[in-house]
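# A closer look at the structure
Each chain, written out:
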Amino acid sequence: MFAAERRQLILEMVRANGAVSLRELARVVQTSEVTVRRDVRALEAEGLLDRRHGGAVLPGGFTRESGFPQKSHLATAEKTAIADLAAGLVEEGEAIVVGAGTTTQELARRLARVPGLTVVTNSLLVAQALAHANRVEVVMTGGTLRGSNYALVGSGAEQSLQGLRVSRAFLSGSGLTAERGLSTSNMLSASVDRALVQAAAEVVVLADHTKLGTDTMFQTVPTDLITRLVTDEPPAHDDRAVTELQALADQGVQIAVAGQAAGGTGGDAVPTGRQPRRDMPLPGPRRGQVPGAGPQLRSATVLGEQSPGERARVADLRRR
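Throughout, residues of each chain are indexed from 1 in the direction in which the sequence is written. The predicted nature of this model means local features are confined to residues of pLDDT at least 70 and side-chain atom pairs, given and counted, to a pLDDT of 80 or more, with totals for whole chains, interfaces and linings taken over all residues. Hydrogens are left out, water is left out, and the side-chain values use all remaining heavy atoms of the structure.

## Some points on the pairing of strand β9 (residues 168-171)
The cut-off we apply is this: Here's how the labels work: a residue is buried when its accessible area is under 20% of the maximum for its type, exposed when over 50%, partly exposed in between, all with a 1.4 Å probe on protein chains only. Secondary structure elements follow DSSP: runs of H or I of four or more residues count as helices, runs of E of two or more count as strands, with numbering from the N terminus. In this analysis, strands are considered paired if DSSP registers two or more bridges between them.
Alternating positions in β9 separate into two faces, Arg168 and Phe170 on one and Ala169 and Leu171 on the other, with burial throughout. Bridge count for strand β4 (residues 95-98) against β9 is three bridges, and the pairing is parallel. Bridge pairing in β9 places Val98 opposite Phe170. The pairing of β9 with strand β12 (residues 203-206) spans three bridges and is parallel. Bridged to Phe170 within β12 is Val204.

Next up, the structure:
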């Protein structure tokens, strides 16, 4: 593929999705990330897109929200690894809420194996993933269907969550920064996510590295209400994502980094390839978390309470 053809395809992908990682661009145009990075720089110089955190976004600052068909094909391996790790937080007989999103859909597929679970959700995709699970009760909110992400939103959804109390909420979004926390591009989705947060004693955010440092219009969860972040390992060259992770850890967010699964495509299968690393346990409860409520992450790298070896690894990532 000639450079002009590559760059046209890159531009079309960014326009269609709003934000695309370098890794995904390299896969689609079948070239190296180094070449793609060079193409993205050239397109940025022409004012056609902006470089950001290991990827490319539409010009003009805030990214717009992609539809489900586009998001379902982005960062599939990362989402699979994140879902595998996050599922280890959930115990038998627990009651949780799960928000809308492609990453939470992957989580729901794994939760189908947890007996006695009660899942409250506003996502048709999450409910569908759990519909045939044995001994898993699914509670749907009310509300108006938002077709772009198959989620129920509006006052009906929010009112149905009043008076609800569960152990933890699992949420995704369009962007995550240490300054503003989790955010999304749609006002109705943000409002329902805030209601989900109010129902939970603990908030777990699921976000792949392409969302780190990305800020979108509507804040859903401020940083001081995020208990845990489950993410994937940023590429070595993505200094800004590494810096954002450290900033989140400095504010008390417990961070678990899942190893990227090679060739992950979603679904129920446990990914092959590099698995999440086993490391130290998470720090203790914070911000209203009930002591002893739920297990510790079984496979994680935790920033904030790092061993000397982990601190050296983070410093090495920054130098690179």
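## Some words on unusual backbone geometry
Positive phi outside glycine occurs at Gln30, with the angle close to 60 degrees. Here Gln30 is to be found in the loop between α2 (22-29) and α3 (33-45). Despite not being glycine, Tyr150 shows a phi value in the positive range, around 55 degrees. Residue Tyr150 is classed as partly exposed on the basis of its relative accessible area of 34%.

## Side note on the packing of α2 against α3
The condition that has to hold: Angles run from 0 to 180 degrees between N-to-C directions of axes, and those axes are lines fitted to C-alpha atoms, restricted for helices to the stretch in contact. Each angle gets one of four labels, with under 35 degrees taken as roughly parallel, over 145 as roughly antiparallel, 65 to 115 as roughly perpendicular, and the rest as oblique. Throughout, a contact is declared for two residues whenever any of their heavy atoms are within 4.5 Å. When residues are grouped by polarity, Ala, Val, Leu, Ile, Met, Phe, Trp, Tyr, Cys and Pro land in nonpolar, Asp, Glu, Lys and Arg in charged, and all others, Gly among them, in polar.
For the pair α2 and α3, the least separation of the axes is 9 Å and the interaxial angle reads 105 degrees. Here α2 lies roughly perpendicular to α3, going by the angle between them. In this structure, α2 uses Leu22, Arg23, Leu25, Ala26 and Val29 to contact α3, whose residues at the interface are Glu33, Val36, Arg37 and Val40. Of the residues contributing to the contact of α2 with α3, the split by class is six nonpolar, no polar and three charged.

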